[in-house]
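Structure assessment
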Amino acid sequence: MALKSRGIEPFVTLWHWTIPVWLYDAKGFATPFAVKRFEIFVEKIVTALGSDIKFWVTLNEPEVYLGASYIKGQWPPQKRNIFLARKVLNNLLFAHRSAYKIIKKINPEAQVGIAKNNIYFESAGGFVNNFLTNISSWFSNRLILSLIKKHQDFIGLNYYFHSRVNYGFGKNKNAKVSDLGWELYPEGLYNVLGELHKYFKGVPIYVTESGLAVRRDKNRSWFIEENFKALRRAKGEGVKVLGYMHWSFMDNFEWDKGFWPRFGLIEIDYGTGERKIRPSALIYKKLISEWNN
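**Considerations on the pattern of salt bridges**
When the charged atoms of two side chains lie near each other, side chains of opposite charge can form a pair. Taken as a whole and assessed by the stated rule, the structure comprises eleven salt bridges. Glu-9 is the partner of Lys-4 in a salt bridge, and the nearest nitrogen-oxygen pair spans 3.8 Å. A residue is classified by how much of its surface remains accessible, and Lys-4, at 36% relative accessible area, is partly exposed. Notably, a salt bridge pairs Asp-256 with Lys-257, separated by 3.2 Å at the nearest N-O pair. Judged by its relative accessible area of 31%, Lys-257 is partly exposed.

In structure tokens form, the structure reads like this:
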């Protein structure tokens, strides 16, 4: 494979929120029909790629999909229904467990997990804030992982958000923000890694996403360097964090926002297709080359 010939270990994601029209018309993951079709899809893809792929991510951020599609009603199918959300969650988790078994049957040496978006909830102190922080961390960060703990060889961690809890959420200083208005808080990566280590001790962790949308590359080098400080600190305290993937390699289509947010280490001119390496990419290259040294 082209990636492996260049010393790159691929992590293949099987589902990243896409719902084909035919599946949408069949009510998507709100029905067992989707699970059966997903099982067929997984078997075909894993059989085709065989032993070339060691790492499989079955689902990307199922909780984000549920929240945007069935709680807020922003993404297809735009249905605000908490009971339907629960049904979809159950089907997604069943789909993951089925995919896990299928992958292991085809390639017993494969490593299988999901990519989970975790938030660093930081309490401002006091009983109420501590309670809100703990309950939010449980539901947002640990519940889904707990429900699949017997069917995960690793945890894929996606980290973007920090929420300071002070009789409400998001009471952040926002000293630095991305073009999307998201606070840049790389030290929170250390905290979410620590939380995963505390509750899922021994399970390897790969940071499958962490990044920022900034058009002029502002703060990206700083952000990556600070993330690596957090990684090394966590690793030094016994957290089994084995890898880090920056989001993203190239500028991309960002789901409901289009092409304007610029997440890439590589800049894309959408008019000509020209690609340019941003300075932050060279910082990232240096840091990953030093990771095991």
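**Things to note about the sheet that holds strand β4 (residues 155–165)**
Strand order in the open sheet formed by six strands is β1-β2-β3-β4-β5-β6, and the pairing between neighbours is parallel. Of all strands in the sheet, those with a lone pairing partner are β1 (11–13) and β6 (241–244), marking the two edges. Shown here is a sheet whose adjacent strand axes are inclined to one another by a mean of 35 degrees, direction ignored. Here four bridges tie strand β2 (residues 55–60) to strand β3 (residues 111–123), and the two strands are oriented parallel to one another.

**Regarding the packing of aromatic side chains**
Any two aromatic rings considered together are summarised by their centre-to-centre distance and by the angle between their planes. For the structure on display, the rule yields 27 aromatic pairs. Over the face of the ring belonging to Tyr-199 we find Arg-142, whose NZ or CZ atom lies 3.8 Å from the ring centre. Positioned over the ring face of Tyr-190 is Arg-233, at 3.6 Å from the centre of the ring.

**A few points about the side chain of Asn-60**
Mapped onto the elements, Asn-60 comes out in strand β2. A distance of 3.4 Å separates polar atoms of two side chains, one belonging to Asn-60 and the other to Asn-158. Here Asn-60 is in contact with Thr-13, Trp-15, His-16, Trp-17, Ala-115, Asn-158 and Glu-209, once residues within four sequence places are set aside.

**Some words on the layout of surface pockets**
Space inside the largest pocket adds up to approximately 1500 Å³. Forming the walls of the largest pocket are 42 residues, and the residues nearest its centre are Ile-8, Tyr-244, Met-245, His-246 and Tyr-284. Sorting the residues of the lining of the largest pocket by element identifies α1 (2–5), β1, β2, β5 (205–209), β6 and α9 (279–290) as the ones contributing at least two each. Here the lining of the largest pocket gets five residues from one element, more than from any other, and that element is α9. By residue class, the composition of the lining of the largest pocket is 27 nonpolar, ten polar and five charged. Every residue lining the second largest pocket is counted, 38 residues in all, and those nearest its centre are Glu-63, Val-64, Gly-67, Ala-68 and Asn-117. Contributions of two or more residues to the lining of the second largest pocket are made by α4 (62–71), α5 (82–106), β3, α6 (127–147) and β4. If one sorts the elements of the lining of the second largest pocket by residue count, α4 sits on top with six residues. For the lining of the second largest pocket, a count of residues per class yields 21 nonpolar, nine polar and eight charged.

Parameters and conventions
- Residues numbered from 1 in each chain as written.
- Predicted model: local features only at pLDDT ≥ 70, side-chain atom pairs only at ≥ 80, totals over all residues.
- Heavy atoms only, no water.
- Salt bridge = Lys/Arg side-chain N within 4 Å of Asp/Glu carboxyl O.
- Buried < 20%, exposed > 50% of the residue type's maximum accessible area, 1.4 Å probe, protein only.
- Pairing = 2+ DSSP bridges.
- Helix = DSSP H or I, 4+ residues; strand = E, 2+ residues; numbered from the N terminus.
- Axes fitted to C-alpha atoms, helices over the stretch in contact; angles between N-to-C directions.
- Phe/Tyr/Trp six-rings, centres within 6.5 Å; stacked < 30°, edge-to-face > 60°.
- Lys NZ or Arg CZ within 6 Å of the ring centre and 35° of its normal.
- Polar contact = N/O pair within 3.5 Å; in protein donor to acceptor, adjacent residues only side chain to side chain.
- Contact = heavy atoms within 4.5 Å.
- 1 Å grid on protein atoms, 1.4 Å probe; cavity = no way out; pocket = protein on both sides within 12 Å on 5 of 7 lines; lining within 4 Å.
- Points joined across faces, edges and corners; volume = space filled by probe spheres on them.
- Nonpolar A, V, L, I, M, F, W, Y, C, P; charged D, E, K, R; others polar.

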